[in-house]
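A look at the structure
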Amino acid sequence: MYSSASTNKAVLEKYLSIPQGERVQATYIWIDGTGQGIRSKTKTLESKPTKLSDLPIWNYDGSSCYQAEGSNSDTYIHPVKMYPCPFRRGDNLLVLCDAYKYNKEPTLTNKRKACLEVMEKAKEFQPWFGIEQEYTLLDQDGHPFGWPKNGFPGPQGPYYCGVGANKVYGRDIVEAHYRCCLYAGIRISGTNAEVMPAQWEFQVGPTEGIDMGDDLWVARYLLERVAEDFGVVVSFDPKPMIGDWNGAGAHCNYSTKAMREKGGMEHIEKAIDKLSKHHIRHIKEYDPNEGKDNERRLTGAHETSSIHDFSSGVANRGCSIRIPREVSEQGYGYLEDRRPSSNCDPYSVTMVIVKTTCLEN
């Protein structure tokens, strides 16, 4: 770790234990102009808010977040959801926000507004989602965490769900992040080491509608903040290492009420048929660069389908859409869209899936 970036966290605890009185620290969180980066800053409130309307609209320098010109830089953040803060604890909060331009229009990377409108229209379908968020841990020099500095670890095979110091790197970060998500009320459902060493996954869901995007963005924020404390970098790049190494995705498990009920396989198959007719549209929504990032990952190798073709199958991890074997056997449940990249915007992913399968004939 770079010495200039290292601080003693035990010293910090001495100050965090100082009573703060009745006032509350609220950390406002938003998505910057890259569609991937998360920004935050903290505001002091006179008392603990009990509802969203108690939280004021705030602003920031959009020109420093790739969202505005310096001559007209004020960009506004509107609170949309509150979470307990696992770092400051007490009555302190994390506040997820939408970003808006000077003219009150959403910023280009504010996908939540449009997603919420779609989810409201599709409310009768009760869409549920569960996203498997993969990521890679890096040293501050950009090298995968725990990898030899002048070489490579052994080939893939022993690392997936591995146990032991020669198989997994960074478990402390994973455990700390898991606990932070639980504290914040995020519906984290599990975690595991992935196929490439220093690569991990956590799952969020099942959640309904807009909650999927909200919880995943805040879970990503928590992961980056935890890794920051350990002096480690989190990468959501879908192909962080070239060569014979797995990429990173954000597989999206999806169902409607009809799919989850007896006879639901018919509705799953109809949804897959609709998805097959809009493959290109979905690929453009499944990473922030309209498929350019995913092109490096969706090659047809390393448990992926080809970005150029649509496919589906039972228990097949080389398909665009996988039907879990237990779902096929019981005749109802959910489908897994394996195409979204690890750096996708979950608002865009969930929105386009619902539009294709529920709102269009």
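Definitions and cut-offs
- Residues numbered from 1 in each chain as written.
- Predicted model: local features only at pLDDT ≥ 70, side-chain atom pairs only at ≥ 80, totals over all residues.
- Heavy atoms only, no water.
- Helix = DSSP H or I, 4+ residues; strand = E, 2+ residues; numbered from the N terminus.
- Rg over C-alpha atoms; globule rule 2.2 N^0.38 Å.
- Buried < 20%, exposed > 50% of the residue type's maximum accessible area, 1.4 Å probe, protein only.
- Areas by Shrake-Rupley, 256 points an atom, 1.4 Å probe, with all protein chains shown as cover.
- Salt bridge = Lys/Arg side-chain N within 4 Å of Asp/Glu carboxyl O.
- Core = buried A, V, L, I, M, F, W, Y, C linked by side-chain atoms within 4.5 Å.
- Contact = heavy atoms within 4.5 Å.
- Phe/Tyr/Trp six-rings, centres within 6.5 Å; stacked < 30°, edge-to-face > 60°.
- Lys NZ or Arg CZ within 6 Å of the ring centre and 35° of its normal.
- Axes fitted to C-alpha atoms, helices over the stretch in contact; angles between N-to-C directions.
- Parallel < 35°, antiparallel > 145°, perpendicular 65-115°, else oblique.
- Left-handed = near helix turned anticlockwise from the far one by under 90°.
- Nonpolar A, V, L, I, M, F, W, Y, C, P; charged D, E, K, R; others polar.

This part covers the overall build of the protein chain. Secondary structure assignment for the protein chain yields nine helices and 13 strands. Here the C-alpha radius of gyration of the protein chain, 21 Å, is about what a compact globule of 361 residues would show, namely 21 Å. On the principal axes, the C-alpha backbone points of the protein chain span a range of 60 × 50 × 40 Å. Across the 361 residues in the protein chain, those meeting the buried criterion constitute 50%. Total accessible area on the protein chain is roughly 17,100 Å²; 49% of this is exposed by carbon and sulfur atoms.

The final tally for this structure, using the stated rule, is 22 salt bridges. In this structure, the salt-bridge partner of aspartate 214 is arginine 112, at a minimum N-O distance of 2.8 Å. Linking aspartate 214 in helix H4 (residues 211-229) with arginine 112 in helix H2 (residues 112-121), this pair joins segments that are 102 residues apart in sequence. Overall, the relative accessible area of 7% leaves arginine 112 in the buried class.

Tyr135, Ile186 and Leu222 are the most contacted members of the largest nonpolar core, which has 64 residues in total. When residues of this core are assigned to their parent elements, the largest contribution, 10 residues, is made by H4. Not counting residues up to four positions away in its chain, the partners in contact with tyrosine 135 are Val174, Ala198, Gln199, Trp200, Glu201, Phe202, Leu223, Val234, Ser235 and Phe236.

Let us look at the packing of aromatic side chains. All told, the structure shown has seven aromatic pairs when counted by the stated rule. Judged by centre distance (4.8 Å) and plane angle (45 degrees), the rings of tryptophan 147 and tryptophan 245 are tilted. Of this pair, tryptophan 147 sits in the loop between strand E6 (128-138) and helix H3 (171-184) while tryptophan 245 sits in the loop between strand E9 (233-235) and strand E10 (250-255), placing them 98 residues apart in sequence. Note on accessibility: tryptophan 147 and tryptophan 245 belong to one class, buried. Taking the ring centre of tryptophan 217 as reference, the NZ or CZ of arginine 220 above it sits at 4.8 Å. Positioned above the aromatic ring of phenylalanine 236, the side-chain terminus of arginine 220 is 5.3 Å from the ring centre.

Quick look at the environment of cysteine 358 now. Within the secondary structure layout, cysteine 358 lies in helix H9 (residues 346-359). Exposure remark for cysteine 358: the relative accessible area of 13% places this residue in the buried category. C-alpha of cysteine 358 to C-alpha of lysine 123: the two residues are 235 residues apart in sequence and 9.9 Å apart in space.

Looking now at the packing of H3 against H4. Their axes nearest at 9 Å, the elements H3 and H4 cross at an angle of 135 degrees. The orientation of H3 with respect to H4, classified from their angle, is oblique. Handedness of the crossing formed by H3 with H4: right-handed. Where H3 approaches H4, its residues Ile173, Ala176, His177, Cys180, Cys181 and Ala184 are matched on the opposing element by Ala219, Leu222, Leu223, Val226 and Ala227. Among the residues making up the contact of H3 with H4, the classes are represented as 10 nonpolar, one polar and no charged.

What follows is about the side chain of serine 320. Here serine 320 shows up in the loop between strand E11 (312-314) and strand E12 (321-323). Those residues within four positions of serine 320 in sequence are excluded, and the remaining contacts are His279, Ser305, Asp309, Phe310, Ser311, Glu336, Asp337, Arg338 and Arg339.

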